[in-house]
2 protein chains.
Amino acid sequence: MQDERVAALVFDVFGTVVDWRSGVVEAARSLAPGDADFGAFADDWRREGYLAPIGEVVSGRRPFEPVESLLAEPLDRLLGRHLIELGPSGRRVLLGAWARLDPWPDVADGLDRLRRRYTIAPLSNASFAQLTGMARRAGLGWDCIISTELFGTYKPDAAAYLGAARLLGLDPGEVMLVAAHPADLLGAAAAGLATAYVPRPDEWGPGTRTGEPPPADTDLVAADFVALADALGA
Amino acid sequence: MQDERVAALVFDVFGTVVDWRSGVVEAARSLAPGDADFGAFADDWRREGYLAPIGEVVSGRRPFEPVESLLAEPLDRLLGRHLIELGPSGRRVLLGAWARLDPWPDVADGLDRLRRRYTIAPLSNASFAQLTGMARRAGLGWDCIISTELFGTYKPDAAAYLGAARLLGLDPGEVMLVAAHPADLLGAAAAGLATAYVPRPDEWGPGTRTGEPPPADTDLVAADFVALADALGA
């Protein structure tokens, strides 16, 4: 597949560009004494402080709140559940870990190539400040930062995909979403964007292979960002 | 002056970072036959398609419209006034010239240095798409793109400066505006930002020296972006 109309690639970030789990696990381990199951803590945090409340916002069951607030809300409860002892300043640093995440190993090379041909940007439920911090720290050469915060909603709300295309001055069909998550790809396709699936089988930990297969009508499937550059002739 | 609180620098773009006049003059000259006064045309366009309508939006006399619409509105009239003949496709290309402007000679080196120490971003009345296109073309290494379009207003509305700080996750006093225009610096200071003035005496043409002096309480004055990096220890 090579859609000549595509002029910009927008990327899901948590899971697709960066390894959120390793970053959160390492931050928690470095901040808290003891031998808690930091992996289980990170997984619970992702589910209860991010996936669940975002689902509630998108379905209209709760108003939009910044992602930093969503992540902060269950933190005391989760630390207690996993017997992780952390004072107020440690909790603030731990919250900041979501802006200090490392990209998967193929990301830097892949983006460098893709950028020669396409405008590239994140399109993420992470906040504008988190995305800007992550890009600075990891040296990701985005052309601009697009957070769903700019539209007062979260993916997979159609307004997020349409808003990204509008900001870029493009029609939805001129923008391709790259993501490891079927729900994100379905949302993008429903809004008229092109779609590319990149599997991240280790997102929930090495060897867990918890990734779901892509939707049947995904335009492009690539093993990683370098393979994506190959497939797009970049 | 060295305010240790400042973590991010945001830059006015048209006039401060890029030489809009030369870019528009050259685009018009390359598109239209004849020997019209393309400089006078560019100056009128800046005044009647940009400064005047933006002033009306900020003062509440007209609703917000994208800057591309403001620029397009008087174009037929201005081409007629200056006896410049241009068909519909030429007019579209000419409008696009506002996203294909070259930076002043000191900008690339200055930004490269400033970026090591500070988060850097445009904070401009140009559209998000114009700023993204300009940065790609000129290789400006912004950490993110901030257009006042994101706030549905234009500078010097306080909401623009406060919105930029909020998106960056910073207090207004942790952000410094860099601009060649007193009204912009006054607006930023009123919103609580730090301010730096960089004169651009050739903005309205070589030798015109039409720049106004900076407001008295401007935090920092630097001859260009390299001198700004010197002054900020970057």
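Residues numbered from 1 in each chain as written. Chains lettered and ligands numbered in written order. Predicted model: local features only at pLDDT ≥ 70, side-chain atom pairs only at ≥ 80, totals over all residues.

## Points about the overall build of chain A
Piece 1. Tallying secondary structure elements over chain A gives ten helices and six strands in all.
Piece 2. Relative to a compact globule of 234 residues, whose C-alpha radius of gyration would be 17 Å, chain A shows 17 Å and is just as compact.
Piece 3. Its C-alpha atoms give chain A principal-axis dimensions of about 55 × 35 × 30 Å.
Piece 4. Taking all 234 residues of chain A together, 48% fall into the buried category.
Piece 5. Considering only contacts in chain A between residues 6 or more positions apart, those separated by 24 or more positions represent 65%. (Helix = DSSP H or I, 4+ residues; strand = E, 2+ residues; numbered from the N terminus. Rg over C-alpha atoms; globule rule 2.2 N^0.38 Å. Buried ≥ 20, exposed ≤ 12 C-beta atoms within 10 Å, placed from the backbone. Contact = placed C-beta atoms within 7 Å.)

## Describing the pairing of strand β4 (residues 175-179) of chain B
Side-chain positions along a regular strand alternate between the two faces of the sheet.
All names here are of chain B.
Piece 1. With five of five residues buried, β4 lies mostly within the body of the structure.
Piece 2. Burial along β4 is two-sided: V175, L177 and A179 facing one way and M176 and V178 facing the other are all buried.
Piece 3. Bridging between strand β1 (residues 8-11) and β4 involves four bridges; their strand directions are parallel. Within the sheet, the bridge partner assigned to L9 lies in β4 and is M176.
Piece 4. Sheet analysis places β4 next to strand β5 (residues 194-197), joined by four bridges and oriented parallel. Pairing of A179 across the sheet is with Y197, part of β5. (Pairing = 2+ DSSP bridges.)

## Some remarks on unusual backbone geometry
All names here are of chain A.
Piece 1. Following K155, the chain continues into P156 via a peptide bond in cis, with omega recorded as 5°.
Piece 2. The topology assignment puts P156 in the loop between β3 (146-147) and α8 (158-167).
Piece 3. Backbone geometry places L83, a non-glycine residue, at a positive phi of 55°.
Piece 4. Position of L83 among the secondary structure elements: in the loop between α4 (75-81) and α5 (88-96).
Piece 5. A count of 12 C-beta atoms within 10 Å places L83 in the exposed class.

## Some words on the sheet that holds β3 of chain A
All names here are of chain A.
Piece 1. The sheet built from six strands is open, its strands ordered β3-β2-β1-β4-β5-β6 with parallel pairing. Edge positions in the sheet fall to β3 and β6 (220-221), since each has one partner strand and no second.
Piece 2. Bridging between strand β2 (residues 119-124) and β3 involves two bridges; their strand directions are parallel. For L123, the partnering residue across the bridge sits in β3 and is I146.

## So, the interface of chain B and chain A
A common way to report how large an interface is uses the accessible area buried once the components associate.
Piece 1. Listed as interface residues are 13 residues of chain B and, on the opposing side, 13 residues of chain A.
Piece 2. Sort the elements by how many residues they give to the side of chain B that touches chain A and helix α7 (residues 128-138) of chain B lands first, with five residues.
Piece 3. Classifying every residue of the side of chain B that touches chain A by side-chain character gives eight nonpolar, three polar and two charged. (Nonpolar A, V, L, I, M, F, W, Y, C, P; charged D, E, K, R; others polar.)

## A short note on the domain arrangement of chain A
Piece 1. Split by domain assignment, chain A resolves into domain 1 (8-19 + 101-231) and domain 2 (20-98).
Piece 2. Every contact between the two is made by 19 residues of domain 1 of chain A and, on the other side, 14 residues of domain 2 of chain A. (Domains from an automatic or database assignment.)

## Remarks on helix α9 (residues 182-190) of chain A
Note: α-helices contain 3.6 residues per turn, so residues at a spacing of three or four share the same orientation.
All names here are of chain A.
Piece 1. What α9 keeps buried is the set D184, L185, G187 and A188. The buried residues of α9 occupy an angular sector of 160° when the element is viewed end-on, so they sit on one face.
Piece 2. Its buried side turned inward, α9 meets α8, β4 (175-179) and β5 (194-197).
Piece 3. Looking one or two places after α9, you find G192, whose phi comes out positive at around 100°. (Arc of directions from axis to C-beta.)

## A few points about the relation of the copies chain B and chain A
Piece 1. With an RMSD of 0.0 Å, the fit of chain B onto chain A corresponds to turning through 180° and sliding 0.0 Å along the axis. Seen this way, the second copy is the image of the first under a two-fold rotation axis. Relative to the rotation axis, the closest C-alpha in chain B is found at C144 of chain B, a distance of 2.5 Å.
Piece 2. Both copies contact each other with a shared surface, as 100% of the interface residues of chain B are interface residues in chain A too. (Least-squares fit on C-alpha atoms with pLDDT ≥ 70 in both.)

## Thoughts on helix α8 (residues 158-167) of chain B
Piece 1. Within α8 of chain B the residues assigned to the buried category are A160, Y161, A164, A165 and L167 of chain B. Down the axis of α8 of chain B, the smallest arc covering the buried residues is 165°, so these residues share one side.
Piece 2. Looking at the packing, one finds that the buried side of α8 of chain B touches α7 (128-138) of chain A together with β1, β2 (119-124), β3 (146-147), β4 and α9 (182-190) of chain B.
Piece 3. Trailing α8 of chain B by a residue or two, G169 of chain B shows a phi angle of about 70°, which is positive.

## Overview of the sheet that holds β5 of chain B
Piece 1. Strand order in this open sheet of six strands is β3-β2-β1-β4-β5-β6 (chain B), and the pairing throughout is parallel. For this open sheet the edge positions go to β3 and β6 (220-221) of chain B, each flanked by a neighbour on one side alone.

## Quick notes on the packing of helix α1 (residues 20-31) of chain A against helix α2 (residues 38-58) of chain A
All names here are of chain A.
Piece 1. It is at 9 Å that the axes of α1 and α2 come closest, and there the two elements cross at 120°. With respect to α2, the element α1 is oriented oblique. Note on packing geometry: the crossing formed by α1 with α2 is right-handed. Residues W20, R21, V24, V25, A28 and R29 of α1 pack against F38, G39, F41, A42, W45 and R46 of α2.
Piece 2. A class-by-class count of the residues in the contact of α1 with α2 yields eight nonpolar, one polar and three charged. (Axes fitted to C-alpha atoms, helices over the stretch in contact; angles between N-to-C directions. Parallel < 35°, antiparallel > 145°, perpendicular 65-115°, else oblique. Left-handed = near helix turned anticlockwise from the far one by under 90°.)

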